[in-house]
There are 2 protein chains.
Amino acid sequence: MEPPAPRRRVTIVDVARHAQVSTTAVSKVLRNAYGASPEMHAKVRRAIDELGYRPHAGARGLRGQTYTIGVMLPDIRNPFFPEILDGITATLEGTEYQVFLGPGCNGEKAEARVTEAMIDRGMDGIIMIAPVSSRAHLEHVASSVPTVVVGRHGSSPVYDTVADDDIEGASLVVGHLAGLGHRRIAHIEHRETDPTRLAEMPNARRADGYRQAMRAHGLAEWIDVVSTSYTQEGGYQGAKELLDRPHPPTAVFAGADVVAMGVLEAVAEAGLSVPGDVSVAGYDNTTFAALGPISLTSVDQAGYEIGRNAARLLLDRMADRQRPPVRIKLSPALVPRRTTAPPPE
Amino acid sequence: MEPPAPRRRVTIVDVARHAQVSTTAVSKVLRNAYGASPEMHAKVRRAIDELGYRPHAGARGLRGQTYTIGVMLPDIRNPFFPEILDGITATLEGTEYQVFLGPGCNGEKAEARVTEAMIDRGMDGIIMIAPVSSRAHLEHVASSVPTVVVGRHGSSPVYDTVADDDIEGASLVVGHLAGLGHRRIAHIEHRETDPTRLAEMPNARRADGYRQAMRAHGLAEWIDVVSTSYTQEGGYQGAKELLDRPHPPTAVFAGADVVAMGVLEAVAEAGLSVPGDVSVAGYDNTTFAALGPISLTSVDQAGYEIGRNAARLLLDRMADRQRPPVRIKLSPALVPRRTTAPPPE
C-alpha cells in the first residue's frame, strides 16, 4: 500500500492570516493565556477548525510545551474515576491540551514510574488521582511540573488540591444507619500504616469520620473496623470476616462502592439478604450504585465537579507557576437507596 | 520549598560498565531487539535495577524512539477493557515501554484527534481497541507508526489484528437460550450504518451471528433486533422498547455486558423478574457479570489473552516493520449463570 502523500502542514502563521489577527494572539489562545478576549478566542478557534491546524508536539517541545496533560489513575476498575475523568476532559475540551492516562498505579513504586515517565516526556501538567506516594514524592513531581493532587487532604506550598470532605461523608452514612435503628455498624477500610497517609488519604479520613460519628451517636462500643483494600476483592474478604463474627453487624459501611460490590457478593454467598439481614452502604455514588438491581445507598462526592475543578486549577497553575497554592474542598451528599433499611428485629 | 538537588543521570554507559557488557548489548536489550541472549537480558536488567537507570525520553526521541506505547480506549466505563489492558501491561512489564491511554474516543473525530496526538508525540507504537474509524484512517495511522488493531475483523496489509470470533460467540448465546426453550429471543445491537464497519466491527458481527443462529434454530420469524449503543443507557433504552412490544421477548441477548446492565435496570423498573419473566445474556464476561447479585450469563472472550497477544504483536512489529501482517482470532466460550432460565409457561 502507498502511504498517503504528506500535505504541507498548516502553521500558526496560516491561522493568524486566516483569522486576520496577530500570531501572538493565536499563541495566546492556544496557551489559554490571559489577554485574549472571547471574540478573539472565537475567531482563532474558527480559523483553526477551518484550516485543520494542529500544533506540532515535537516543535512545541522545543519551545518547552507539549500540550499534553498526564492523569495518573490508580485503578481503572474503580467506577468512580471515570466521573472525575469526564470532568477533566470536558474542561479541557476547548483547549489544545491532550490528556493521556497513566494506568496501573497500584503503589508507590508504580506511581514513581508513571510520574517520572510523564515528566520525562515533557508533559505540561499532571493530575494525580488519589496518589499513595509520600508527600516528598508529590512535591518532587510538583517541583518539576505543574501538579494538581486529587483526593488527598493536607496542604503543600507547591501543589493544588481538590478533595471531598470525607469526614462529613462518613458521618452522613453513620447518621443514616443509626437513624434507621442500627447499632452494630461495621466499617471496611483500606489498610493504611504510613503516618502521612493516615492523615491525608481519603480512605483514612473516612475511617476516622466513621469512628467520630459512632462516638457522637453513643455507639462507641460497637465500633468495628476491618482493614482490607478498596477493591471488590477487599470488600468480599472484609465482609466474610464480619459475617463470621459471633455477633455479626447489622449494617456494613464500605469505604467505596467498589468495596460494596464485594460485600454484596459475600452477603449473597452467605445466603443472607440485603437489606433484610444486613444493610450495606458504599461511597462514591458511581453509576454502578445507581443501577436498578443494585440500588446501593452511597455518598455522592461529585466526581465530575472534582475533575472540573482539578482541570481548571491545572490550567491556572500552568499559566502562572508562582501563584499561591489553592485547596478546594467539596461537600458530599448522602444518596439513600434500597440496600439500607431498619435492622432485623 | 527548595526543590531536591538534581542527581547526575545514570547513562547507558554506566549500565554497560556495571553489567560488564557493551553499550550495543544494553541498547539491544532496551529495544527488545533480536540477538540478545536471555543471560544478556538478565545481566543488563540487573544492572538497570541496581543503578536505577531509566532511559531519557527526550534524548531517545532524537534517536527516533520514545519508549512510549499509546493505547486508544473507546470507553473507560466498559468493564471489558480493563481486562485487555491488564494483558497489555503484563506483557510490557519486562520492557522499557510505558503505556499511556488515550481516553474518550467515542467516534471517528475523537479517534482521529487521539491517534494524531499519539503520532505527534512520537509514540513508538499504537494499540487501537475497537476503533470505529474508516479503514483508510486505520491504515494512515499504521503507515505512520506500528499499529495493532484489536476487535476489528477484516485484514489489512499494514496492521496486525487480534479479534474474537463474534459470530461464534453470538451463536453460543442463541444456542443456549433456544436450548432452554426460548423462541422470542431479541437482540440489542450497537447501531451501525457504515458498510466497512458493518463488515468489520464486532458489534455488527454479533448481530449477524444472532440472525444466522436464529435461522439455524428455525427461529427466523422471531428475529427482533433493536439498534441503540453499547452503553448502559443503550441497554436501558433498548430493553424499554422491547418490553413495550405487544408480545415482548422472553429472552434478551445484549451485545455487551455494559448493555446488559441497562437491560437489568429496565426490567427491574418494569416490575419484572430475571430470569422468571425475562432471561438476559450479555457478552464479554466482565467482573461485573461474575458479581454475586448480578450473576449474568455472558460470553468470555478472554480479554486478558487479547491484550497479551496485541502487545506481543506490537513488540514484534516495532522490531520488524516489514514483516507480513498477522491476524489472530480467538475463540469465545459461553459462561451460563443465573440470569438465564427456561421461559415462563
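Conventions adopted
- Residues numbered from 1 in each chain as written.
- Chains lettered and ligands numbered in written order.
- Predicted model: local features only at pLDDT ≥ 70, side-chain atom pairs only at ≥ 80, totals over all residues.
- Heavy atoms only, no water.
- Buried < 20%, exposed > 50% of the residue type's maximum accessible area, 1.4 Å probe, protein only.
- Helix = DSSP H or I, 4+ residues; strand = E, 2+ residues; numbered from the N terminus.
- Pairing = 2+ DSSP bridges.
- Right-handed = clockwise from strand over helix to strand, strands pointing away.
- Least-squares fit on C-alpha atoms with pLDDT ≥ 70 in both.
- Contact = heavy atoms within 4.5 Å.
- Domains from an automatic or database assignment.
- Buried area = accessible area lost by both parts, 1.4 Å probe.
- Salt bridge = Lys/Arg side-chain N within 4 Å of Asp/Glu carboxyl O.
- Polar contact = N/O pair within 3.5 Å; in protein donor to acceptor, adjacent residues only side chain to side chain.
- Nonpolar A, V, L, I, M, F, W, Y, C, P; charged D, E, K, R; others polar.
- Core = buried A, V, L, I, M, F, W, Y, C linked by side-chain atoms within 4.5 Å.

S.K.: Sorry, what's going on with the pairing of strand 4 (residues 147-150) of chain B here?
M.R.: Consecutive side chains along a regular strand alternate between the two faces of the sheet. Residue and element names in this part refer to chain B. The alternating pattern of strand 4 places Thr-147 and Val-149 and Val-148 and Val-150 on opposite faces, both of which are buried. Relative to strand 4, strand 3 (residues 125-129) runs parallel, the two being bridged by four bridges. Within the sheet, the bridge partner assigned to Ile-126 lies in strand 4 and is Thr-147. Crossover connection from strand 3 via helix 7 (residues 135-144) to parallel strand 4: handedness right-handed. Of the strand pairs in this sheet, strand 4 and strand 5 (residues 160-164) are connected by three bridges, and their pairing is parallel. Bridge pairing in strand 5 links Val-149 to Thr-161.

S.K.: Can you walk me through unusual backbone geometry in this structure?
M.R.: It is generally the case that most residues other than glycine have a negative phi and that most peptide bonds are trans. The omega torsion of the bond from Val-274 of chain A to Pro-275 of chain A falls at 5 degrees, within 30 degrees of zero and hence cis. One can find Pro-275 of chain A in the loop between helix 12 (257-269) and strand 9 (279-281). Despite not being glycine, Tyr-67 of chain B shows a phi value in the positive range, around 55 degrees. Secondary-structure assignment places Tyr-67 of chain B in the loop between helix 4 (57-62) and strand 1 (68-72). One non-glycine residue, Ala-302 of chain B, lies in the positive phi region at around 50 degrees. On the secondary structure map, Ala-302 of chain B appears in the loop between strand 10 (298-300) and helix 14 (303-319). Ala-302 of chain B sits in the partly exposed class, given a relative accessible area of 26%.

S.K.: It is not clear to me how the relation of the copies chain B and chain A should be interpreted in this structure. Could you clarify?
M.R.: Between the two copies of this chain, the relationship is a rotation about some axis together with a displacement along it. When chain B is fitted onto chain A, the two copies agree to an RMSD of 0.1 Å after a turn of 180 degrees and an axial shift of 0.1 Å. What the rotation and shift describe, once combined, is the action of a two-fold rotation axis. Rotation axis and chain B: the residue whose C-alpha lies nearest the axis is Leu-101 of chain B, separated from it by 2.4 Å. Most of the interface of chain B is mirrored in chain A, where 100% of its interface residues are also at the interface.

S.K.: What should I look at first to understand helix 1 (residues 12-19) of chain B in this one?
M.R.: Each α-helix winds once per 3.6 residues, and so residues spaced three or four apart point in a common direction. Among the residues of helix 1 of chain B, those classed as buried are Asp-14, Val-15, Ala-16 and Ala-19 of chain B. Backbone geometry just downstream of helix 1 of chain B places Gln-20 of chain B in the positive-phi region, at approximately 55 degrees.

S.K.: Where do I start with the domain arrangement of chain A in this structure?
M.R.: The parts lose accessible area when they come together, and the size of an interface is often stated as this lost area. Residues and elements named next belong to chain A. Split by domain assignment, chain A resolves into domain 1 (12-54), domain 2 (68-163 + 304-329) and domain 3 (166-302). Distance from the C-alpha centre of domain 2 to the C-alpha centre of domain 3: 27 Å. Of the residues lining the interface, 17 residues belong to domain 2; the matching set on domain 3 comes to 15 residues. Between domain 2 and domain 3, the buried area comes to about 1500 Å², and carbon and sulfur atoms account for 53% of it. A per-residue breakdown of the area domain 2 buries against domain 3 is headed by Pro-79, Phe-80 and His-153, which together make up 39% of the total. For the salt bridge of Glu-108 with Arg-197, the shortest nitrogen-to-oxygen distance reads 3.1 Å. Linking domain 2 with domain 3 are nine residue pairs in polar contact (both at pLDDT 80 or more), by the criterion used here. When residues in the side of domain 2 that touches domain 3 are grouped by element, the largest group, three residues, is from helix 14 (residues 303-319). By residue class, the composition of the side of domain 2 that touches domain 3 is seven nonpolar, four polar and six charged.

S.K.: What's the story with the nonpolar core in this structure? I'm lost.
M.R.: Considering soluble globular proteins, one finds that nonpolar side chains tend to be buried as a cluster. In terms of nonpolar packing, the biggest core is built from 82 residues, with Ile-127 and Ile-129 of chain A together with Ile-127 and Ile-129 of chain B touching the most fellow members. Ignoring any residue separated from it by four or fewer positions in sequence, one finds Ile-129 of chain B in contact with Val-71, Met-72, Leu-73, Pro-74, Phe-81, Ile-84 and Val-150 of chain B. Within the second largest apolar cluster, 52 residues are counted, among which are Val-259 and Ala-289 of chain A together with Leu-243 and Leu-296 of chain B.

S.K.: Could you clarify how one ought to interpret the interface of chain B and chain A in this entry?
M.R.: Each partner contributes residues to the interface: chain B has 50 residues there, and chain A has 50 residues. Buried surface at the junction of chain B and chain A, both sides included, amounts to about 3900 Å², of which 63% is carbon and sulfur. There are zero salt bridges connecting chain B and chain A. Across the chain B-chain A interface, the total number found is nine residue pairs in polar contact (both at pLDDT 80 or more). Breaking the side of chain B that touches chain A down by element, the ones donating at least two residues are helix 4, helix 5 (81-92), strand 2 (98-102), helix 6 (108-120), helix 7, helix 12 (257-269) and helix 13 (287-290) of chain B. Broken down by element, the side of chain B that touches chain A gets its largest block of residues, six residues, from helix 6 of chain B. Tallied by class, residues from the side of chain B that touches chain A come to 27 nonpolar, eleven polar and twelve charged.

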